[in-house]
Each structure stands twice: as structure tokens, then as C-alpha cells.
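Observations on chain architecture
Next come the chains, spelled out residue by residue.
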Amino acid sequence: MTLRKHKTGAVWSAITLGLTLGGGLAGCGGGGSNGVWVDSSGKPVTSTPTPATPSPTPAGTVPDYYLPAVTSANTATVAALVGVNPLATDAPAFSASLSDLQGAPGSVHTVAAYSLDPTSSVYGYLGESRAYFVNAGRIYRADLRGSASQSPVQLSRVTDACYVEHQYRGTAAGLDNWIGVVQAGADGNCATSADNLFAVVRDSYSATVAPSYFPTGTMHVESVTDGTGKALGFVDLVSGSFKYYNWSSQLIGDVDGGSGGGFWGFSWLGELAGQNLVYLLVNGNTTSVRALSYTATGASLGASVYNFASGKHPESLPHLGGSDYAWFADGAKLLRLRSGANAAAVATLSGGGSIVDLGATSKYIVLRYRATDGSDTVWSLPKAGGKLVQLDLPWTAANGGSDPRALDAVGDTLIATRKLASGLSDVVAIEADGSNPRTLAAGVVPAGVLRPLAASPLDTPIDGPGYGVNERFRAPAAPDVAHSLGGQLGAVLFCQPAAGRTDCAGAALTQLDPASAVSTALGTLPTVTGGTLAVSAAGSVGQPFTLVGLRASGAATLRDVYLATGGSAGSLKVVKQN
């Protein structure tokens, strides 16, 4: 069985920190595309959305949300989840051990809370409301809301859990979720995956409740939500037929137009916000794109709106969702979807290659094209119609095709990184129409990004992981890295390296606002003798956020935690240094 990690349970992968700008990276988990960024809707931004997030909590009161982080004195042997109180950082507010069934250090998934105005579709990031993890074979939930008890609570009576693999979001507030967990099979060994099981556990389960399982024959599962972010149910492909289950996992019935067998796979292509409609790539005797419409009481799979060539059966495609349109690629062809119409081809690149990534700015679709020789180029296309333009971005053979790993957008400005021979990077920008290529910061070490506090569908893909800092996957030996579809960029974080160094040890942590070119010195990171320091961070503009520091010291790698506030000079503090 496969599970989508793109919509309601996006995860942040464990990848090399040195390649990250912070917001969007090749290699990110979740099945989403590897680039930009924001939205794919067909309308330009006409005004700045009003922030939907309340003002920061006044000092001395309970924080709205604690900040989760993973700390480790040796990432090969031990790890712990800590909850950081942004109002009192002298010590973590709580700590919980992380280990898998065999005693190896474990990982954590967190789920974000956001406000959503269904009329204007303006999002506001609130914080991360839940953390899910495994310790010694048992599944736990930590409530990260300041008004709740943060003491971890055991979910279900499972005692042979290996790790949390997935989560299905229940509400915009990040509550009433389902958690997918891999269990060790009959041999009790997580490493021998052939007999492992996949169980689902609801956020409300007590320690005495048995786990749930998708039906025998399940091939793929998706959850669907309404315009307020509330989950309505699950679409499950079982033994070749589509079934619809409510949020309590009770069978409602067959999906109209999807029964009778003959299907062997499907994947998510794009959701039209507020319309209870999502486009699916459906594999069967023929492969096609179909619209799935749904309510709380049933679902229907429509007729094909696009058929792939005979014998062509892609299992996933570059894709984006939005307010009015969804987009996907078939080889070198870019296609647009809208409700009630067949897919329309809007552009085709020549040369025999394929489009491998899709993203968007306010007014442009941005794509990455891979030629037959393996080289990559980046192109843009006006959403309103026009010509493809090749962008002067450093995605070239000169740096092995590995940079930029991140493309983020400020309005219609793309932000990327250029890796230098010295091991440092430049932060560069270019307009989506190809004009004004420029360097924003030279010879730095990228460290992360900050997102705006509010966004509309013109800034954020509706079927992406949401808005701002969202679901994360935190593993002890890896940085916390943003999913590629994180929303519009608010600010870039980087280290100004100390003389003769190419890491963040002893470096000045700097925040750069790409729109105004204003830099803020957040503080100086600790020095490291005989080792290196790599940091990664992701947060929101003007809000407290945690930084993870991977510190190589001798034979061990340690994971430290720091705190800073976006836009606040000198705010960098040490929370936990091992």
C-alpha cells in the first residue's frame, strides 16, 4: 500500500543541509514537486492579505504554542523531543525520549495549526499543535498548545511500533488527526520490512484502544477536506475499486464511477479550493486524469478529462493545485485543469526531454525541464497566457545540476542559491519574466527561511502542506528542512561565516528581507573547536522560531537547539547545547 505524503501529512525529509536555501528542496519527502512554490491559481495578487494571525503572546503569559525540536548528545545513539517555551528559554518546557523498537534514536512528526477564512481563503499560521512519535515501541502524542498539558499521552495499545510514517490532518487547527504507524511484523524486527504492518491510530485513542487497519487489499489511501480545512473522509482503492469512508473510518460505500475493479493505482494531481473537487491521476487499463467530487456522505469519480498515450502509465506527475486551476505535466507538455472542462495544453518544450518540477509565483507558472542529456533549465509562463521564458538560474552542469535546490518566491521574484567553488553560496534573485538577475548576498552559508504570517490561495497551493511552517519530519542526524510547497517567502536566513570557515561555527546569523534588501543581525552562533556547525531553521516573520544545530565534534554529531525571533536584532539564544 502506498500513502500520499503531499497534502495533509507532508513531511520534511532528511537531506544534506549544505544544499538548502531553506524553503524548498529537491529530495523533499511528500511526493510534491521540488521547487517554488507558491500557488497555481489563475488570478494575480491584487492586494496584500490582512494577516489572520493574532499578535504575539505578551511576555509573561502562557505561549499559544510551544516550539518543538529534537536534541541529541550523539545522533547515532540517543534523541529527545523538547518543547521550547518562547517566553522562557532558560530550559525546555518538557522533554521526551525517542527510540524505535530496537532502541535506535527515533524521529518526530508535527502538525501545524492555521486559521482559514473560507470566504477570502486567507490563511494564517498559528503554530504547531501536535507532535507524534514512537518511544520503545509505543506511540505518543504531545500537545503543543500552550493552554494544554504538554505531557506525552500514549495512543492505542500498540507495543511494537517502529515509527510514525504519516498523518492525516483532521482540522485546520491540526486536531482530530489520524496517524499512520509502521509496526514490526511477526519477527519483531522493524528492519525486515516484508512482514511489517501499517496501522492507523486516531489522535483521541487511549492507551487501551486497539489500532485500526485499512481493509485487506488496500492499494492507496487519500483523505479529503472541505473548504474550512475539516476532513470529511478517506478515498481508498481496495482490490481495484474505489471506496469511500467517513472520518471515523466507517464505510459509506463505493465511489460512483470507481467501482467494478480494473484500477491499480491513483495519485493526487490538484485540488480546487473550496469546491470539494480534486483531480486524480488514475491508473488502470488506460491511465487518465479524472475529477473526484465529494461531500460528507459520498463521492463520485468523473469521466476522463485527459488520456495518456497507449501503453503510458505514469504513477505520479509534476502537479499543482490552486483556487481556479490545477496544473500538471505530461512529458514536455504543460496542461491546465479547470472545473467542468477537459485538460488544456498551454505550452510544450522541444528537445525530447520532460518537465520534472512545477511551481508558481503570483502571475507565473514556473517549471524545471530536464533534457535528454540530463541537464536542467528553468522556465516561466504567464498564467494569463504568453510565451515560455528561460530563466537565468544557476541550475547548470557547472555545479553538477545540484543547485539551486531551492526556489522560493516573493510576489513574482524568484529567490535561489548559487553554490560557489569555495563551498559557500550566493543568494540570488530574478524576476519571473526573466528580468533583473541579481545577487542578494554573496559568500554565505544558507540557513533557512521565514514565511509571511498570512497568505491567500494566490500565495499558497491549496493542496500543498498548507502555509508557513507546517508538518515536519525531525530526525536526530538530519536538519529540519521545509517542504517544497511552503508558501511565499518572507525572509532568507544565512550565516556570515567566520574568516577561513565554510560552516556556521562562530558565524553571524543574518536575516535578509529580499523585497526591501534590509538585513538584521540576529546574533552570533557558538564557536566549535575541531569540528563544524551546520544550522537549519524555518519559521514565520516576526515570530520566535527554533534553529537546529548539527555540531560535529570528534567522532560524534550532536544536535543542539537555539531560539531567535524573526526581525529582532540580537535575539539569538541557546536553548539546549549538548
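Keep in mind that this is a model prediction, so the values were computed, not measured.

Quick notes on the rules
- Residues numbered from 1 in each chain as written.
- Predicted model: local features only at pLDDT ≥ 70, side-chain atom pairs only at ≥ 80, totals over all residues.
- Heavy atoms only, no water.
- Pairing = 2+ DSSP bridges.
- Helix = DSSP H or I, 4+ residues; strand = E, 2+ residues; numbered from the N terminus.
- Axes fitted to C-alpha atoms, helices over the stretch in contact; angles between N-to-C directions.
- Disulfide = S-S within 2.5 Å.
- Buried < 20%, exposed > 50% of the residue type's maximum accessible area, 1.4 Å probe, protein only.
- pLDDT = per-residue confidence, 0-100.
- Contact = heavy atoms within 4.5 Å.

**Topic: the sheet that holds strand β27 (residues 389-391)**
- Spatially, β24-β25-β26-β27 is the arrangement adopted by the four strands of the open sheet, whose pairing is antiparallel. Single-partner strands in this sheet number two, and they are β24 (354-360) and β27. Between one strand axis and the next, the sheet turns by 30 degrees as a mean value, whatever way the strands run.
- Sheet topology note: the β24/strand β25 (residues 364-370) ladder contains six bridges and is antiparallel. Opposite leucine 358, over in β25, you have leucine 367 as the bridge partner.

**So, the state of the cysteines**
- Tallied over the entire structure, the rule returns two disulfides.
- There is a disulfide in this structure between cysteine 162 and cysteine 190, and the S-S distance comes to 2.0 Å. Taking the sign of the torsion about the S-S bond as the criterion, the disulfide between cysteine 162 and cysteine 190, at about -95 degrees, is left-handed. With cysteine 162 in strand β9 (residues 161-168) and cysteine 190 in the loop between β10 (178-183) and β11 (197-202), this pair connects stretches of sequence that are 28 residues apart.
- The disulfide that involves cysteine 495 links it to cysteine 504, with 2.2 Å between the sulfurs. Its S-S torsion of about 100 degrees marks the bond between cysteine 495 and cysteine 504 as right-handed, since a negative value means left-handed. Across this residue pair, the class does not change: cysteine 495 and cysteine 504 are buried.

**Topic: the sheet that holds β10**
- With antiparallel pairing, the three strands of this open sheet are ordered in space as β9-β10-β11. Edge strands, defined here as strands with exactly one partner in the open sheet, are β9 and β11. Strand-to-strand, the axes of this sheet are offset by a mean angle of 30 degrees, without reference to chain direction.

**Looking at the confidence of the model for the protein**
- A residue-level look at the protein finds 79% of positions with pLDDT of 70 or above and a mean pLDDT of 79.
- Here residues 396-405 scores under 50 on pLDDT; set against residues more than four positions off or in separate chains, the count is 21 contacts.
- Considering only residues more than four positions removed or in separate chains, one finds that residues 456-474, a stretch of pLDDT under 50, has 115 contacts.

**Thoughts on the environment of alanine 93**
- Assignment of secondary structure puts alanine 93 in the loop between β3 (80-84) and β4 (94-97).
- Separated by 58 residues in the primary sequence, alanine 93 and serine 151 have C-alpha atoms spaced 10.0 Å apart.
- Residues contacting alanine 93, with those up to four places away along its chain left out, are Tyr66, Gly83 and Asn85.

**Describing the pairing of strand β30 (residues 425-431)**
- Taken across its seven residues, β30 has seven buried, putting it largely inside the fold.
- The alternating pattern of β30 places Ser425, Val427, Ala429 and Glu431 and Asp426, Val428 and Ile430 on opposite faces, both of which are buried.
- Two strands pair when backbone bridges link them, and strand β29 (residues 413-419) and β30 are joined in this way by seven bridges, in the antiparallel orientation. Bridging across to β30, arginine 418 finds its partner in aspartate 426.
- What sits between the antiparallel neighbours β29 and β30 is a turn of five residues, in which glycine 423 has the positive phi angle 95 degrees.
- Taken together, the four bridges between β30 and strand β31 (residues 438-451) define a ladder with antiparallel strand orientation. Looking across to β31, one finds that valine 428 is bridged to threonine 439.

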